[in-house]
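The residues making up each chain are set out below.
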Amino acid sequence: MTHRGSRVLHVGSLSRVEGEGALRLKVHDGTVTDARLEIYEPPRFFEAFLRGRSYTEPPDITARVCGICPVAYQMSACAAIEDACGVTADPVIRDLRRLLYCGEWIESQVLHIYLLHAPDFLGRASAIELARTHRAEVERGLRLKKAGNSLMELIGGRAVHPVNVRLGGFHRVPTRAELRPLAEQLKQALDDAWETVRWVAGFDFPDGHVEADLLALAAPDTYAIEGGTPTVLRADGTTASFPVRDFTEHVAETHVEHSTALHSRLDGRLHLTGSLARFAIGGARLSPVALEAAVEAGLGDPREGAVCRNPFRSILVRAVESVYAVAEALRIIDAYEPPAQPYTDVPPVAGVGHGATEAPRGLLYHRYELDAGGLVTSALLVPPTAQNQGAIEDDLRRLTQRAIGERDPDDAELTALCERAIRNHDPCISCSTHFLDLTVVRTSSDTSHDISGGCDA
Amino acid sequence: MAATKTRPRLAVFKLASCDGCQLTLLDCEDELLTLAGEVDISHFLEASSAVEPGPYDLSLVEGSITTAEDAERIRTIRAASRHLVTIGACATAGGIQALRNFADVDEFRRTVYAHPEYISTLATSTPVSAHVDVDFELRGCPIDRRQLIEVITAFLAGRRPDVPNHSVCFECKRRGTVCVTVAHGTPCLGPVTHAGCGALCPAYHRGCFGCFGPSGSVNLPALIPLLRRDGLDEDDVERFLHTFNTAAFDEELGK
């Protein structure tokens, strides 16, 4: 029982996550009393400087919140502003937006699977180290990731902060001929995505169970990506949904006692967005090929009620979603006929608009208020990681408590477990910064010499 | 055998930024494993949990300085780096978060946060070069993947990177893109913007919006009347120049 007593663990700089954060765990007499994911990235004040900008600018400006999911920001911004202006994009434009979004899903999910998450299952520090023993697998991952980037480069102009998105549609739409070579690349990618499903299905998964409510968009006849109705599956198995415009009536920040962190709550309870939530809410509407992949991955058939609540197994869901996104991109390309106009005009209207889309790591909500001249008077961005923080910490607490009870791990093992538990949820800390307050606890006198960032205890 | 040779040590650091420029390194899918064979990736938190202390032969720094801690941290990074290269508009020009430089940061803080007293931030967002010596600045929001490979290769080979500082107009001509301003009267910052993206926007029928900041020798005041002629009012022009390289374009306006 040497380790069971009281201790404080602190990881100054989390690795293999997007953005930079830290972790603090307090154990008192064998009981985990505090588990915190600390966000120390400096605030950038997007919601403040968006005021006074033209209503045409948020798609380009908010893309800069996150280099990993810029398309999600562009799509949620367009959805919210078009909502304010009472414009609905043409079906062909909606398909093209979905196609671009598929590129981001492929790029981001594959980045997480191969470069951030898989090394945990195989005991490596990085994908580069993994490539020494699993070269073919890592090369396959990079090839698949590249297919997602190629898709974004063709439709969006470039993979990070695409230039081609505008209100009402695109500046320029591709021809059928331009999409042909991309379709060939995606056919190879579909094989790679399938191989990815089979590969990750062979990993060993620790037990884990997320108790939080699961929140994702639902669409009537497809797996929701670029729009849908916020729908929640509660821990007791009941479901509920609400219109996007009521988002902030349901999802709210609350100030937790004895903590400086503001946590997001859904109707007063912890909630989780992202792959696990999407699979639970919309899994039954996956395409046949993705349903087949889900069964092969061992997730079961969501049409028969299969739900995955083990965050270690989220890598399986990301692999299935990668298959889905590649196949969906191929379907859209196959049916594509260029529209007569690359965009619908969106004249400014004074009012409020709401938009929500499924970023790779979960539901991203935007709200804008415009004046009659088309200037933004207020903006609100609620990123998925800000919503997930409470559920991630809850998960951390449960996993570490169980580990302490079962096998009394030393500090190094407990720290590694915590880092894994956080990576399971693919947090994007760059995104969440502006929404959360900083909970930096400077406990070390030599903090300023820690160039990795954050705080080392 | 290469294994016995000491490989150059590469480090990647992040300050206030979106992660997109360091992601560009991971987006070099065709080159990443080859690069990893040539260098020892000693510090790259997004990609590896194996973190080694300095000194580093080449440090790539993304992000701007917006906190007192980061102002201190960049000095420590500089001291640990033989070469320090800044990557992207945040690190080279302060980024979009430098819009605070023209506003009241306390008001910003109250607007975004329920408890502004918890937020520690500087009143300005400044480029890394305002704090320490920088060996090379690679522009862009985000940086261009090919240029990043060129910069890393050049530093490994001990030569200056071949990164021209002419304007986007040159790239449009080279690409054979019809000028969007001449042909369609579209407002475009191409004549005053640093090349590097490959003149993407005009190829997508859109005017350049200045992601790469001012080019080597520009006459920005001379472009303003053209922007006005093409339909932008005074406020539109102001917003057009005040995005990802706001501080750098503002400096050009004052020249």
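Because the structure is predicted, anything quoted here is derived from the model rather than measured. (Residues numbered from 1 in each chain as written. Chains lettered and ligands numbered in written order. Predicted model: local features only at pLDDT ≥ 70, side-chain atom pairs only at ≥ 80, totals over all residues.)

Residues and elements named next belong to chain B. Across the 7 residues of strand β3 (residues 56-62), 6 count as buried, placing the element largely inside the fold. Taken together, the 5 bridges between strand β1 (residues 9-14) and β3 define a ladder with parallel strand orientation. Its bridge partner being in β3, V12 is matched across the sheet by L60. In this structure, β3 lies alongside strand β4 (residues 81-87), joined through 6 bridges in parallel fashion. By the bridge assignment for β4, S59 is matched with L84. (Buried ≥ 20, exposed ≤ 12 C-beta atoms within 10 Å, placed from the backbone. Helix = DSSP H or I, 4+ residues; strand = E, 2+ residues; numbered from the N terminus. Pairing = 2+ DSSP bridges.)

Now for the nonpolar core. All names here are of chain A. Counting 210 residues, the largest nonpolar core has L214, V320 and V323 as its most contacted members. Among the elements that take part in this core, helix α4 (residues 91-121) stands out by supplying 15 residues, more than any other. V323 has contacts with A193, W194, V197, V289, A290 and A293, leaving out every residue within four places of it along the chain. (Core = buried A, V, L, I, M, F, W, Y, C linked by C-beta atoms within 7 Å. Contact = placed C-beta atoms within 7 Å.)

For the rest of this paragraph, the subject is the environment of R97 of chain A. All names here are of chain A. For R97, the location among the structural elements is in helix α4. The class of R97 is buried, set by 25 C-beta atoms lying within 10 Å. For the pair formed by R97 and G5, sequence separation is 92 residues and the distance between their alpha carbons is 54 Å.

Right, let's get into the interface of chain A and chain B. Listed as interface residues are 55 residues of chain A and, on the opposing side, 56 residues of chain B. When residues of the side of chain A that touches chain B are traced back to their parent elements, those giving at least two are α1 (46-49), α2 (58-63), α4 and α6 (135-156) of chain A. At 5 residues, the largest contribution of residues to the side of chain A that touches chain B is made by α6 of chain A.

All names here are of chain A. In the UniProt entry, the feature "binding site: Mg(2+)" (unreviewed entry) is given for E47, L381 and H434. Here E47 is to be found in helix α1. Mapped onto the fold, L381 is located in strand β14 (residues 376-382). We classify L381 as buried; it has 24 C-beta atoms within 10 Å. (UniProt positions renumbered as here; feature names shortened; annotations may be inferred.)

Let's shift gears to unusual backbone geometry. P55 of chain B follows G54 of chain B through a cis peptide bond whose omega is 0°. Note on placement: P55 of chain B falls in the loop between β2 (40-44) and β3. The backbone of D426 of chain A shows a phi angle near 50°, a positive value even though the residue is not glycine. Among the residues examined, D426 of chain A registers 29 C-beta atoms within 10 Å and is labelled buried.

Before going further, it helps to examine the UniProt feature "binding site: Ni(2+)" (unreviewed entry) in chain A. Residues and elements named next belong to chain A. In this structure's numbering, the residues bearing the UniProt feature "binding site: Ni(2+)" (unreviewed entry) are C66, C69 and C428. Maximum C-alpha separation among the annotated residues is 9.1 Å over a sequence range of 363 residues, consistent with a single clustered spot. Within the fold, C66 resides in the loop between α2 and α3 (70-85). Owing to 31 C-beta atoms within 10 Å, C66 belongs among the buried residues under this scheme. Among the secondary structure elements, C69 is positioned in the loop between α2 and α3. The exposure class assigned to C69 is buried, which follows from the 31 C-beta atoms found within 10 Å. Contacts of C69, omitting those with residues within four sequence positions, involve E104, S108, A359, P360 and C428.

All names here are of chain A. Pairing in this open sheet of 3 strands is antiparallel, and the strands run β12-β13-β14 from one edge to the other. Two strands lie at the open edges of the sheet, namely β12 (351-359) and β14, each paired on one side alone. Strand-to-strand twist across the sheet, computed as the mean angle between neighbouring axes with direction ignored, equals 15°. Bridging between strand β13 (residues 362-370) and β14 involves 6 bridges; their strand directions are antiparallel. The residue bridging Y368 from the neighbouring strand is A379, located in β14. (Axes fitted to C-alpha atoms, helices over the stretch in contact; angles between N-to-C directions.)

Residue and element names in this part refer to chain B. Spatial strand order, β2-β1-β3-β4-β5: 5 strands in an open sheet with parallel pairing. With one partner strand each, in any of the chains shown, β2 and β5 (136-138) form the two edges of the open sheet. Looking at each pair of strands side by side, their axes are set apart by 20° on average, direction ignored. This element, helix α3 (residues 68-79), spans β1, β3 and β4 of the sheet and lies at about 130° to β4.

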